[in-house]
Amino acid sequence: MSTVLVTGGNGYIGSHTVISLFENGYDVVVVDNLSNSKMEVQNRLEKITGKRFKFYDIDCCDADKLRVVFEENKIDSVIHFAGLKAVGESVSIPLDYYSNNIGSMIAVCRLMTEFGVNNLVFSSSATVYGSSEDVPFTEESPLGTCTNPYGWTKWMIEQILRDYAKSEPSKRICLLRYFNPVGAHESGLIGEDPRGIPNNLFPYISKVAGGTLECLTVFGDDYNTPDGTCLRDYIHVVDLAEGHVKAIKFLEKTEDSVSVFNLGTGKGTSVIEAVKAFEKACGHEIKHVFGPRRPGDIAVCYASTKKAEEVLGFKARYGIDEMCSSCWKWQTMNPEGLKD
């Protein structure tokens, strides 16, 4: 049985990917420093899968502590999710983002070299495409016009990994650029569980729908889109998790040193369309007001999914209605999120 190390495996996307890996016959080892996640996730994963996964409470920037994971387990592949991920926060504390996100990736790569681990899937982002509005974004779209430090860390890590792969021909690296993950596991036991006030649209809508927050502010209603609000490519987190499994399987057979794939649905949904879909899921109105545009927001952002379909065999199965209904199930079952 092949063993996959999932860094940041207690996080939103990481935890769903652990389930998909397990369901596809992989053994999974999880590393997470719990800075933006909770230990309760491991209990929920055990309820869903019937298996207690091997877990290490370690910061991936600490190479000495992380080395223990490689010493104690025969790791075949790594999926690297661990990192800070709030766009707005990255503008406030950029040094933390550069230090943490880049430092953790370098530590993982050094240990992969030391222990002869060749396969790596990196959790990248559509933010690497920056402020361009030449949509849909393909894997060949121009890079390097990022609008915030978070996006720049993803862009820089992609370059680091290209250089790393050149220096070590045995390495097989997959860069997954995903768009806007939303939704939750069908059980309602795991979902997006941000600490404090949510930064992302759907957790915020969920809390307004559940009565925890009073009102949603929609940033900008004067964009050049059908209803004036931003268009984004939302992808169900379960689909996204399946994409990571397909990436691991691809790395096990490819000869390419670095491969890049967009993971999205290939269509844009506006903020107002998302609100209306959530109203349908929860059965009542979502109170919202319009505010000024947010700095750095672009009008339209969605993926070309052609390459992922043709090469990985990946195609998103779920639409916006399933995303909203699963979000609402998670919210109603966990109104205060998970306990620490």
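Let me begin by describing the structure that accompanies this report. (Residues numbered from 1 in each chain as written. Predicted model: local features only at pLDDT ≥ 70, side-chain atom pairs only at ≥ 80, totals over all residues. Heavy atoms only, no water.)

## Re the pattern of salt bridges
This is how it is decided: Here, a salt bridge means any side-chain nitrogen of Lys or Arg that lies within 4 Å of a carboxyl oxygen of Asp or Glu. The way it works is that DSSP assigns letters per residue, a run of H or I at least four long becomes a helix, a run of E at least two long becomes a strand, and they are numbered from the N terminus. Only protein chains enter the calculation, and the probe is 1.4 Å; a residue is then buried if its accessible area is under 20% of its type maximum, exposed if over 50%, and partly exposed in between.
One pass over the full model with this rule turns up 18 salt bridges. In this structure, Glu114 and Arg67 form a salt bridge, with 3.0 Å as the shortest nitrogen-oxygen distance. Placement of the pair is Glu114 in helix H5 (residues 94-115) and Arg67 in helix H3 (residues 63-72), with a sequence separation of 47 residues. Residue Glu114 is classed as partly exposed on the basis of its relative accessible area, which comes to 45%. Of the residues examined, Arg67 reaches a relative accessible area of 23% and is grouped as partly exposed. Salt-bridge contacts for Glu255 lead to Arg172; the nearest nitrogen and oxygen are separated by 3.6 Å. A residue pair is termed long-range when its members are at least 10 positions apart, and Glu255 in the loop between helix H8 (237-251) and strand S11 (258-263) and Arg172 in strand S6 (residues 172-178) qualify at 83 residues. Take Glu255: its relative accessible area is 64%, and that puts it in the exposed class. Here the salt bridges share partners, and the residues they tie into one network are Asp64, Arg67 and Glu114.

## With respect to the layout of surface pockets
Filter applied, for reference: Using protein atoms alone on a 1 Å grid, points that fit a 1.4 Å probe yet trap it form a cavity, whereas open point sets bounded by protein on both sides within 12 Å along at least five of seven lines form a pocket; residues with an atom within 4 Å of a point count as lining. Grid points are joined across faces, edges and corners, and a volume is the space filled by probe spheres set on the points. When residue character is reported, Ala, Val, Leu, Ile, Met, Phe, Trp, Tyr, Cys and Pro are called nonpolar, Asp, Glu, Lys and Arg charged, and the others, Gly included, polar.
Size it by volume and the second largest pocket reaches roughly 300 Å³. Of all the secondary structure elements, the ones that give two or more residues to the lining of the second largest pocket are helix H1 (12-23), H8 and helix H11 (320-333). Among the residues forming the lining of the second largest pocket, the class breakdown is five nonpolar, six polar and six charged.

## Description of empty space enclosed by the protein
A probe matching the size of a water molecule, rolled over the atoms, marks out where space remains unfilled. Using the criterion set out here, one finds two cavities of 30 Å³ or more in the structure. Put simply, the largest cavity is a space of about 110 Å³. Within the residue set of the lining of the largest cavity, elements represented by two or more residues are helix H7 (201-210) and H11. If you add up the space inside the second largest cavity, you get close to 50 Å³.

It is worth stressing that arrangement in space is one thing and function is another; only the former is reported here.
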